[in-house]
Amino acid sequence: MDLENLEKILENEPDFRLKQANEAVFKKYISDWSDATFFTKELREKLNKECPLEILAETLFSKNQKTNNTHILTTVKNGVSGADSVKAKITLKDGLEIETVLMRHEDGRNTVCVSSQVGCPLGCLFCATGKMGFKRNLSVNEILEQAIFFNRYLKKIALSEVEGSSFGVTNVTFMGMGEPFLNYENVLKAIRILNDKNYFNIGVRSISVSTAGIVEGIEKFLKEGLQLNLAISLHAPNNKLRTELMPISKKYSLEKVLSAVDNYILATKRKVMFEYVLIKDVNDSKECAEELAKLMHNPSTPLRTRKLYFVNLILYNATGTFKPSTPQRVEVFKKILKKSGVNFVQRYRFGDDIKAACGQFATSK
Ligand code: SAH
Ligand code: SF4
C-alpha cells in the first residue's frame, strides 16, 4: 500500500474527491481502487497503479499454520488468554518487513499492536527487535497501514459472521517493533489520525505508547495535551541491572525516567504502566521484587503520582539467550509485590504460540 502520492494525483480534482478517497480507504476499508466506483475508470486505474492499496502480508495464526494469504478468515482461539490473536508480517514497498499483532478480546475490544520502526537502535538484550539493529523509521502511512490491515480483516469476519455486526480496531498500542519516541513526529501524526473522527475514530484513552524511557519524548508527549496512555519498559529495579539489559539506561537513569513519568502524571492525571518482563535468574529474584516494590513507593515521588504507578508483569517469550521465569518464581515475585501494596497486573500471554512478543515474527524465518 502506498498513499504518498494520493493528494498529488487528486490535486486537479474537486476537493471532495480527496475526502471520498480517504473515506473509502479509512472508513470502508477498500483494498482495490476498482471498488471506488464514484471515480472514473481512468482515475481508478491511475490510482491502482500509483497508489496501490494492496497490503502484502503473511498472516500467522499458530505455530504450524503459516500462510501467504492476506485474507484468511479463521482465527485460532488462544487457550491461555481467552482471546484470538493474529499476527501479520507486512512487506513494505522497499522490501523491508514489519510486524503487527491483532488481539481480539472477549469484551469486544480489538487491540492492534503496531510497529513504529523497522528494527530498533536501542539493542535491549532480551528483545528480538533489538538484535535486528535499526533499519529505518516508519512513515505515518506505514504506521496506519497496520491498523488498516486489521480493519479489513475484521470487516471480512464481521461480514461472514452476523450481518451488520460491529467491527473494527478499538485500541492501538505502540508496542511492536521499534522505539516510538525515536520516531516522534510520525508517531504523533499517526495518533492524531487514529483519533480523528473522519478516519479511525479511536479515543486517545484507547491508545498507548510504550517507551524504553526516552526522557525527551516523555516530556514532549505530556505537552501535547492528549490523554494518552504511557507505558515504560522498566524490566529492572536498579540502574546497574537495567543498564546491563537495556544499554539506553546509561543515558536515561531510573531517576530521570521516574521524574519525567511524574511530570506526565501531574500533567495528564493518567496512570502509567511499568512493564517488567520476568526473565529467569536475571530479574526475577526475591531481592528484585523487593527492590521493585521500594521503587514503586519511592518516597521522593509525591504520593499522588505514586498512586498512579502500575506494574505490568510480562511473561518472557524466549528469543535466544534468556529463559522465562518458572511459574513458581513468578508466584513468589507476585506475592512480594502484593504484600507491599504495589498495583500490578500480569499480562496474559497473547499468542504465545504465534510468537507474539516484540520483534519475534519478522525476525523468524
Ligand atoms: N521500544 C518500546 C516499545 C516496543 S517493545 C519499548 O521498549 O517499550 C514492547 C514491549 O515488549 C516492551 O516492554 C519490551 O520490553 C517487551 N519485550 C521485548 N522483547 C520481549 C520478549 N521477548 N518477551 C516479552 N516481552 C518483550
Ligand atoms: Fe527497542 Fe523496545 Fe526492543 Fe528495547 S525492548 S530493543 S527499546 S523495541
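The protein chain has the name 23S rRNA (Adenine(2503)-C(2))-methyltransferase in an unreviewed UniProt entry, where Candidatus Staskawiczbacteria bacterium RIFOXYB1_FULL_37_44 is given as its organism. For the record of the protein chain, the UniProt heading Subcellular location (unreviewed entry) holds the text "Cytoplasm".

**A few points about the overall build of the protein chain**
Secondary structure assignment for the protein chain yields twelve helices and 13 strands. Looking at the protein chain residue by residue over its 365 residues, the buried ones come to 55%. Look at the contacts in the protein chain between residues 6 or more apart in sequence, and 66% of them connect residues 24 or more apart.

**Some thoughts on the pairing of strand β11 (residues 272-278)**
Most of β11 sits out of view: six of its seven residues are buried. Where strand β10 (residues 229-233) meets β11, four bridges bridge the pair, whose relative direction is parallel. Residue pairing across strands places L230 opposite V272, the latter belonging to β11. In the sheet, β11 pairs with strand β12 (residues 309-315) via seven bridges, with the strands oriented parallel. The partner of L278 across the bridge, within β12, is L315.

**Regarding the site of ligand 1**
Around ligand 1 lies a shell of 22 residues, among which G178, S210, S233, H235 and N317 are the nearest. Here an oxygen atom of ligand 1 and a side-chain polar atom of S210 are 2.6 Å apart. Contact between ligand 1 and S233: an oxygen atom at 2.6 Å from a side-chain N or O atom of the residue. Residue assignment for the shell around ligand 1 shows that the elements contributing at least two residues are β9 (207-211) and β11. Across the shell around ligand 1, the residue classes tally to eleven nonpolar, nine polar and two charged.

**Describing the packing of aromatic side chains**
Tallied over the full model, the rule gives 13 aromatic pairs. Each ring, one from F26 and one from F200, has its centre 5.6 Å from the other, and the planes form 70°; the classification is edge-to-face. Of the two residues, F26 sits in helix α2 (residues 15-26) while F200 sits in the loop between α6 (184-195) and β9, which places them 174 residues apart along the sequence. Judged by its relative accessible area of 3%, F26 is buried. Both rings, one in F149 and one in F150, keep their centres 5.1 Å apart while their planes meet at 75°; by these two values the pair is edge-to-face. On the accessibility criterion, F149 (3% relative accessible area) is buried. You can call F150 buried: its relative accessible area is 0%. Following the ring pairs from residue to residue traces out a cluster consisting of F181, Y184, F221 and Y264. Positioned above the aromatic ring of F310 is the side chain of K271, whose terminal nitrogen or guanidinium carbon lies 4.2 Å from the ring centre.

**As for the layout of surface pockets**
Within this model, the second largest pocket holds a volume of roughly 210 Å³. Lining the second largest pocket we find L3, E4, L6, E7, L18, N22, F26, V140, N141, L144, I193 and Y199. At the level of elements, α1 (6-9), α2 and α5 (140-160) are the ones that each hand at least two residues to the lining of the second largest pocket. Partitioned by chemical class, the residues of the lining of the second largest pocket number eight nonpolar, two polar and two charged. Here the lining of the second largest pocket spans two domains, since at least three of its residues come from each of domain 1 (6-50) and domain 2 (94-363).

**Section: the environment of V345**
By the secondary structure assignment, V345 is in strand β13 (residues 344-347). Take V345: its relative accessible area is 38%, and that puts it in the partly exposed class. Those residues in contact with V345 that sit more than four places away from it in its chain are M273, V311, N312 and L313.

**What about α2?**
Its twelve residues give α2 an end-to-end C-alpha distance of 17 Å, which sits within 8% of 16 Å, the value for a rise of 1.5 Å per residue. Considered for burial, the residues of α2 that qualify are R17, A21, N22, A24, V25 and F26.

**Considering the packing of α6 against helix α7 (residues 215-222)**
Between α6 and α7, the shortest axis-to-axis distance is 12 Å and the interhelical angle comes to 35°. Classified by chirality, the crossing of α7 by α6 is right-handed. Residue-level inspection shows Y184, E185, L188 and I191 of α6 in contact with α7, the latter providing G217, K220 and F221. Residues of the contact of α6 with α7, tallied by class, amount to four nonpolar, one polar and two charged.

Scoring rules and cut-offs
- Residues numbered from 1 in each chain as written.
- Chains lettered and ligands numbered in written order.
- Predicted model: local features only at pLDDT ≥ 70, side-chain atom pairs only at ≥ 80, totals over all residues.
- Heavy atoms only, no water.
- UniProt positions renumbered as here; feature names shortened; annotations may be inferred.
- Helix = DSSP H or I, 4+ residues; strand = E, 2+ residues; numbered from the N terminus.
- Buried < 20%, exposed > 50% of the residue type's maximum accessible area, 1.4 Å probe, protein only.
- Contact = heavy atoms within 4.5 Å.
- Pairing = 2+ DSSP bridges.
- Near = heavy atom within 4 Å.
- Polar contact = N/O pair within 3.5 Å; in protein donor to acceptor, adjacent residues only side chain to side chain.
- Nonpolar A, V, L, I, M, F, W, Y, C, P; charged D, E, K, R; others polar.
- Phe/Tyr/Trp six-rings, centres within 6.5 Å; stacked < 30°, edge-to-face > 60°.
- Lys NZ or Arg CZ within 6 Å of the ring centre and 35° of its normal.
- 1 Å grid on protein atoms, 1.4 Å probe; cavity = no way out; pocket = protein on both sides within 12 Å on 5 of 7 lines; lining within 4 Å.
- Points joined across faces, edges and corners; volume = space filled by probe spheres on them.
- Domains from an automatic or database assignment.
- Expected span 1.5 Å × (residues − 1).
- Axes fitted to C-alpha atoms, helices over the stretch in contact; angles between N-to-C directions.
- Left-handed = near helix turned anticlockwise from the far one by under 90°.

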